Amino acid sequence: MWNCLLTQAGSLLGAATAIALSLTSPMAAEAQSAATPRPGLAQLPTQTQTTLKAGQVVVSGENGQYTGHVLVTAPVDVAWKVLTDYEHFKDFLPGVVASRILSTAGNETVFEQVNSVRLLLFTQTSRLVIAATQQYPQQIKFHMQQGQIKSLNGIWQLEPVNTKQVLITQKVQFDPGNAAPRGIAFNIYKNTLVDSLKAIKKETEKRADNPTQPL
């Protein structure tokens, strides 16, 4: 029983790593609308602003619907390049061991991602196919086309705070289906979203500090 549960949880964590980008199932009206309001640092609660300015990640929400924020010290163009660098996700996103673009048409990119997660004595590998629709440099909508969960979809939003800082926000809906107990799945996803946002901040600021350094 525990072997099965851990394997299922590993699959869910691999899915979460992808786009907790992670980068079509029915999406929330907020994410679907072409006029999705862009977040602004000044509109966030004072405590959230303080936490973000201190370099930390803020993730709120429960039961598969989450909003995550991170403030990065970099131009918006650098942040955009990190969020859309699908073939190099394996180099900076936790748990991603392979990633490659499958197709590109207009402003939509479909990419494959393989995740490997170790829980106690078990290692679980999972494959995901994600479709991302880019609206440069404001937002990236994404949804899972293939995977081991029921659905994963949402939106990345970029809001320049000034010429040197960008607020990155992800709004996401995650439904594990019957892959594992929902409470466990939701906790795993939320924790992985935090780790992914931290990794994105680190990678973005590294590229901003070393713009000529090859990947």
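The structure this text deals with has already been given above.
Here goes a summary of the coordinates provided. Just so we're clear, the structure is a prediction, and the values are computed from it rather than from any experiment.

Right, let's get into the overall build of the protein. Helix and strand counts for the protein stand at 6 helices and 8 strands. Element order for the protein, N to C, with α for helix and β for strand: α-α-α-β-β-α-α-β-β-β-β-β-β-α.

Once that is clear, we can look at the pattern of salt bridges. Inspection of the entire model under this criterion finds 10 salt bridges. Note that Glu112 and Arg127 form a salt bridge whose closest N and O atoms lie 2.4 Å from each other. Here Glu112, found in strand S4 (residues 108–119), pairs with Arg127, found in strand S5 (residues 122–135); they are 15 residues apart in sequence, far enough to count as distant. Several salt bridges converge on common partners, so that one network encompasses Asp85, Glu203, Lys206 and Arg207.

Attention now goes to unusual backbone geometry. Note the cis peptide between Tyr136 and Pro137, where omega equals -10 degrees. Among the structural elements, Pro137 can be located in the loop between S5 and strand S6 (139–146). Notably, Asn63 is not glycine yet its phi reads approximately 55 degrees, a positive angle. By secondary structure assignment, the location of Asn63 is in the loop between strand S1 (58–62) and strand S2 (65–73).

A separate point is the nonpolar core. Formed by 37 residues in total, the largest nonpolar core has its most connected members in Trp156 and Ile168. Elements with a minimum of two residues in this core: S2, helix H4 (76–83), helix H5 (89–92), S5, S6, strand S7 (151–160), strand S8 (165–175) and helix H6 (182–209). A total of 7 residues in this core trace back to one element, the largest contributor, which is H6. Not counting residues up to four positions away in its chain, the partners in contact with Ile168 are Gly68, His69, Val70, Val72, Ala79, Leu83, Trp156, Gln157 and Ile200. With 6 residues, the next largest nonpolar core counts Leu41, Leu44, Leu52 and Leu167 among its residues.

Two faces belong to every sheet, and in a regular strand the side chains alternate between them. Sheet topology places S1 next to S2; 5 bridges connect them, and they run antiparallel. Bridging from a neighbouring strand, Glu62 pairs with Gln65 of S2. Two strands pair when backbone bridges link them, and S2 and S8 are joined in this way by 9 bridges, in the antiparallel orientation. Bridging across to S8, Val70 finds its partner in Ile168.

Here we take up the packing of aromatic side chains. Two aromatic rings are characterised by how far apart their centres lie and by the angle between their planes. What the rule picks out here adds up to 8 aromatic pairs. Plain terms: the ring middles of Tyr86 and Phe111 are 4.5 Å apart, the flat faces sit at 15 degrees to each other, and that makes the pair stacked. Remark: Phe111 occurs in strand S4 and Tyr86 occurs in the loop between H4 and H5; sequence separation between them is 25 residues. Ring centres of Phe89 and Phe111 lie 5.6 Å apart, and the angle between their planes is 85 degrees; on these two criteria the pair is classed as edge-to-face. Placement of the pair is Phe89 in helix H5 and Phe111 in strand S4, with a sequence separation of 22 residues. Judged by relative accessible area, Phe89 falls into the buried class, the value being 0%. The exposure class of Phe111 is buried, given its relative accessible area of 0%.

With respect to the helices and strands, the residue Gln56 is situated in the loop between helix H3 (46–53) and S1. C-alpha of Gln56 to C-alpha of Val70: the two residues are 14 residues apart in sequence and 6.9 Å apart in space.

Time to look at H3. Among all positions of H3, only Thr48, Gln49, Thr51 and Leu52 are buried. Across the axial projection of H3, the buried residues extend over an arc of 165 degrees, all falling on one side. In H3, the exposed residues that point more than 90 degrees away from the buried face are Thr46, Gln47 and Lys53. Check the buried side of H3 and you find it contacts S1, S2 and S8. In the segment just after H3, Gly55 is the residue with positive phi, at about 90 degrees.

Definitions and cut-offs
- Residues numbered from 1 in each chain as written.
- Predicted model: local features only at pLDDT ≥ 70, side-chain atom pairs only at ≥ 80, totals over all residues.
- Heavy atoms only, no water.
- Helix = DSSP H or I, 4+ residues; strand = E, 2+ residues; numbered from the N terminus.
- Salt bridge = Lys/Arg side-chain N within 4 Å of Asp/Glu carboxyl O.
- Core = buried A, V, L, I, M, F, W, Y, C linked by side-chain atoms within 4.5 Å.
- Buried < 20%, exposed > 50% of the residue type's maximum accessible area, 1.4 Å probe, protein only.
- Contact = heavy atoms within 4.5 Å.
- Pairing = 2+ DSSP bridges.
- Phe/Tyr/Trp six-rings, centres within 6.5 Å; stacked < 30°, edge-to-face > 60°.
- Arc of directions from axis to C-beta.

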